[in-house]
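Observations on the three-dimensional arrangement
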Amino acid sequence: MCIRDRVTVVGDLDADELAAIPTVKAMELHAPAALGDSLAEVLGARVWKRSGIHLCERRGPAPVAEGPWAELQVADYPRMRRFYSEQYPETVLSPWMLELPFAGVVEDGEIIACAGTMVAFEGAAHVGHFVTHPDHRGRGLASRVGAALIGLLAERGFDAVRLGVKDDNSVALRVYQGLGFEIMSTPTCLQARPGRPL
């Protein structure tokens, strides 16, 4: 599956098969550590960054969101698009995504912090897009929107909430752990330059 410049592969492929996927733009690949090693070797100089990504999960009662927040709706899409374009331009955001819960903090009519649900299936939801405007960091807004989002998901019957966070993002990991997330695994994350099949 290819969405914009992102390629998602579902199924069991080996490193040679993954490396043969043509891309016209840079790609990010997540793989178990052993496959990540093989894939990095096959991709060679196309890999410009290698890190880990913590896959985290939380279950249980939702934390309480301290302070005002709002559930963002399709009508909020224009200002969400503006916020993400300015603060997190590499993200994918489409109006249909707002069919699943998003929570935000709005001040003076502008979104200053936001997080949302990327996918939900069979009682589990994967969340992401946690962004706080730089002028408003240090106020606990990521924790607030995270708690609000978990609460919205709990109201809709989702027991498990999952997310991914780069292993070098200790600030975000502390926020997520404060919301009750635990690291389940840490696969390899490879950033690779565009290329043709090898």
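Glancing now at the overall build of the protein. Counting its secondary structure elements, the protein contains 5 helices and 11 strands. Taken across its 198 residues, the protein has 43% of its residues classed as buried. Pairs at least 24 apart in sequence give 71% of the contacts found in the protein among residues at least 6 apart. Counting only carbon and sulfur atoms, one obtains 54% of the accessible surface of the protein, whose full area is about 10,700 Å².

Tracing the chain through its elements places aspartate 168 in the loop between β9 (160-166) and α5 (170-178). For aspartate 168 and isoleucine 53, which are 115 residues apart along the polypeptide, the C-alpha to C-alpha distance reads 8.4 Å.

Here the phi dihedral of aspartate 108 falls at roughly 50°; this positive angle occurs in a residue that is not glycine. Inspection of the secondary structure puts aspartate 108 in the loop between β6 (102-107) and β7 (110-121). According to the relative accessible area criterion, aspartate 108 is exposed, its value standing at 83%. The phi angle at histidine 129 is positive, at roughly 60°, despite the residue not being glycine. Within the fold, histidine 129 resides in strand β8 (residues 124-132). Since its relative accessible area comes to 12%, histidine 129 is described here as buried.

Right, let's talk about the packing of aromatic side chains for a bit. According to the stated counting rule, one finds 3 aromatic pairs in the structure shown. Here phenylalanine 130 and tyrosine 176 contribute two aromatic rings whose centre-to-centre distance is 5.0 Å and whose plane-to-plane angle is 70°, an arrangement assigned as edge-to-face. With a gap of 46 residues between them, phenylalanine 130 in strand β8 and tyrosine 176 in helix α5 connect regions that are remote in the sequence. The residues phenylalanine 130 and tyrosine 176 share a single accessibility class, namely buried. Arranged with centres 6.2 Å apart and planes meeting at 70°, the rings of tyrosine 176 and phenylalanine 181 form a pair that is edge-to-face. The class of phenylalanine 181 is buried, set by a relative accessible area of 3%. An aromatic cluster of at least three residues, connected via ring pairs, comprises Phe130, Tyr176 and Phe181.

Take the pairing of β6 next. Where strand β5 (residues 70-71) meets β6, 2 bridges bridge the pair, whose relative direction is antiparallel. Pairing of glutamate 71 across the sheet is with alanine 103, part of β6. The sheet contact formed by β6 and β7 spans 6 bridges and is antiparallel. Directly across from glutamate 107, in β7, lies its bridge partner glutamate 110. Hairpin geometry of β6 and β7 is characterised by an intervening segment of 2 residues between the two adjacent antiparallel strands and by a positive phi of about 50° at aspartate 108.

Our next topic: the confidence of the model for the protein. Summarising the model, the protein shows a mean pLDDT of 86, and 86% of its residues fall at 70 or more. Confidence drops under a pLDDT of 50 for residues 1-6, and excluding neighbours within four residues, the segment shows 13 contacts in the predicted structure.

Rules behind the numbers
Residues numbered from 1 in each chain as written. Predicted model: local features only at pLDDT ≥ 70, side-chain atom pairs only at ≥ 80, totals over all residues. Heavy atoms only, no water. Helix = DSSP H or I, 4+ residues; strand = E, 2+ residues; numbered from the N terminus. Buried < 20%, exposed > 50% of the residue type's maximum accessible area, 1.4 Å probe, protein only. Contact = heavy atoms within 4.5 Å. Areas by Shrake-Rupley, 256 points an atom, 1.4 Å probe, with all protein chains shown as cover. Phe/Tyr/Trp six-rings, centres within 6.5 Å; stacked < 30°, edge-to-face > 60°. Pairing = 2+ DSSP bridges. pLDDT = per-residue confidence, 0-100.

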